[in-house]
Amino acid sequence: MGGILRNTNYAGTAYGNREQRVRARRRYPLSGRAAWRAGGASYRTRLQETWIAVPVPPIVTTALFDAAQERLARNQAWSPRNTQGEYLLRRRVSCRRCDRAECISKNGRYAYYRCLPRVGGQINESEGPCQAQSALTAALDHVAWANICQVLADSAVLAEAIGRAQDGWLSDDSRTARQRDLRRRRAAPDCQRQRLIDAYTAEAITLEELQVRGQGVDLRLADLTREEQ
């Protein structure tokens, strides 16, 4: 149902060139699951500025479609199943008993780090669900962040890091590779800007669309400039 409500085809616009085929990768390397076959292929959504809009007969009005998107976003933000918040140790802490990665579990008020076998899975065929206690995300994140701050405030640790850098830890080859990657990434927004101008010249998009999409290109260029600096 959610896919139907978010489908822009019903509001009169279909989009092509939305996805590209990429190599699949494991999402949860700490979960302890053994890969049962070689990595396959997956699909990744392209930047929205590269989508190709195609007008189609609408079924609902734009206002009704926009109202549905606002309601979906509100429902998702308020749902107790929403675990997409900022958690410092998400998939970076494991259960001491079963050695599996901890996931996020919410009860509508609090969020917990909880291992997957505890919610009904099994560690292996001979054992039942894990009985380890859950940990409040706020409490565990606070302890971990305080430890990180204490380490970074240690002058000896900073001196060691500076010494490693001076000894060639960040070699010329690494800097050259990063600079080459930045140049390659900066070329993409420039090409997108030119395509937008060409589309506007061909009257495929309006001046307002050109300005809005151009702002997105400018933001990405600003991010790359900060990274380069």
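No experiment lies behind these values; they were computed from the predicted model shown. (Residues numbered from 1 in each chain as written. Predicted model: local features only at pLDDT ≥ 70, side-chain atom pairs only at ≥ 80, totals over all residues. Heavy atoms only, no water.)

## Remarks on the overall build of the protein chain
This is how the line gets drawn: Where helices and strands are cited, they refer to DSSP runs of H or I of at least four residues and of E of at least two residues respectively, numbered from the N terminus. The buried label goes to any residue with under 20% of its type's maximum accessible area, the exposed label to any with over 50%, and the partly exposed label to all in between, with areas taken from a 1.4 Å probe on protein chains only. We call two residues contacting when some pair of their heavy atoms lies within 4.5 Å. The protein chains shown are the only cover counted for residues, whose accessible areas, like all others here, come from Shrake-Rupley with a 1.4 Å probe.
On a plain count of helices and strands, the protein chain comes out with 6 helices and 7 strands. Beginning at the N terminus, the succession of helices and strands in the protein chain can be written as α-β-β-β-β-α-β-β-β-α-α-α-α. When each of the 229 residues of the protein chain is scored for burial, the buried share is 21%. Taking the contacts inside the protein chain whose residues are at least 6 apart along the sequence as the reference set, 57% of them involve residues at least 24 apart. Accessible area of the protein chain: about 17,600 Å², with a carbon and sulfur share of 52%.

## Details of the side chain of Thr 50
Take Thr 50: it is sitting in the loop between β3 (41-45) and β4 (52-55). Take Thr 50: its relative accessible area is 17%, and that puts it in the buried class. Every residue in contact with Thr 50, bar those within four places of it in the chain, is listed here: Asn 17, Gln 192 and Arg 195.

## Some thoughts on helix α4 (residues 155-166)
Applicable threshold: A helix is expected to span 1.5 Å for every residue after the first. Polar contact is the term for a pair of N or O atoms within 3.5 Å; when the atoms are in protein, one must be able to donate a hydrogen and the other to accept it, and sequence-neighboring residues count only if both atoms are side-chain atoms.
Helix length check: α4 (12 residues) gives 16 Å between terminal C-alpha atoms against 16 Å at 1.5 Å per residue, within 8%. N-capping of α4 is provided by Asp 154, with a side-chain oxygen placed 3.0 Å from the backbone N of Ala 156.

## Here's the deal with the sheet that holds strand β5 (residues 102-106)
The criterion, for reference: Strands were regarded as paired on the criterion that DSSP finds at least two bridges between them.
Pairing in this open sheet of 3 strands is antiparallel, and the strands run β5-β6-β7 from one edge to the other. In this open sheet, the two edge strands, each paired with only one partner strand, are β5 and β7 (135-136). Pairing analysis gives 2 bridges linking strand β6 (residues 111-115) to β7, with the strands arranged antiparallel. Residue pairing across strands places Tyr 112 opposite Leu 136, the latter belonging to β7.

## Overview of the side chain of Asp 141
Looking at the element boundaries, Asp 141 is found in helix α3 (residues 137-152). Reaching out from Asp 141, the side chain makes a polar contact with the backbone nitrogen of Leu 88 at a distance of 3.2 Å. Excluding its chain neighbours within four sequence positions, the residues that come into contact with Asp 141 are Tyr 87, Leu 88, Leu 89 and Tyr 113.

## Overview of the environment of Ala 138
Positionally, Ala 138 belongs in helix α3. When its relative accessible area of 60% is taken as the criterion, Ala 138 is described as exposed. Each C-alpha atom of the pair Ala 138 and Tyr 87 lies 8.2 Å from the other, and the pair is 51 residues apart in sequence.

## Notes on the packing of aromatic side chains
What counts, and what does not: Stacked, tilted and edge-to-face pairs are distinguished by plane angle, under 30 degrees for stacked and over 60 for edge-to-face with tilted covering the rest, among Phe, Tyr and Trp rings (Trp via its six-membered ring) whose centres lie within 6.5 Å. For a lysine, the NZ atom is tested; for an arginine, the CZ atom; a charge sits over a ring if that atom is within 6 Å of the ring centre and within 35 degrees of the ring normal.
Applying the stated criterion across every chain yields a total of 1 aromatic pair. Over the face of the ring belonging to Trp 51 we find Arg 18, whose NZ or CZ atom lies 4.3 Å from the ring centre. When the ring centre of Tyr 112 is taken as reference, the NZ or CZ atom of Arg 114 above it lies at 5.8 Å.

## Looking at the confidence of the model for the protein chain
This is how the line gets drawn: On a range of 0 to 100, pLDDT expresses the predictor's confidence in each residue.
Scored by pLDDT, the protein chain has a mean of 76; 79% of the residues are at 70 or more. Per-element confidence in the protein chain is highest for β4, whose mean pLDDT is 89, and lowest for helix α5 (residues 172-201), whose mean pLDDT is 77.

## Topic: a nonpolar patch on the surface
To be explicit about the condition: A residue counts toward a patch only above 30% relative accessible area and without a salt bridge, and it is joined to like-charged neighbours within 9 Å or, for Val, Leu, Ile, Met, Phe, Trp and Tyr, to nonpolar neighbours within 5 Å. The term salt bridge refers to a side-chain nitrogen of Lys or Arg lying within 4 Å of a carboxyl oxygen of Asp or Glu.
A cluster of nonpolar side chains, contributed by Leu 88, Trp 145, Ile 148 and Leu 152, occupies part of the molecular surface with about 370 Å² of accessible area. Here Ile 148 lies in helix α3.

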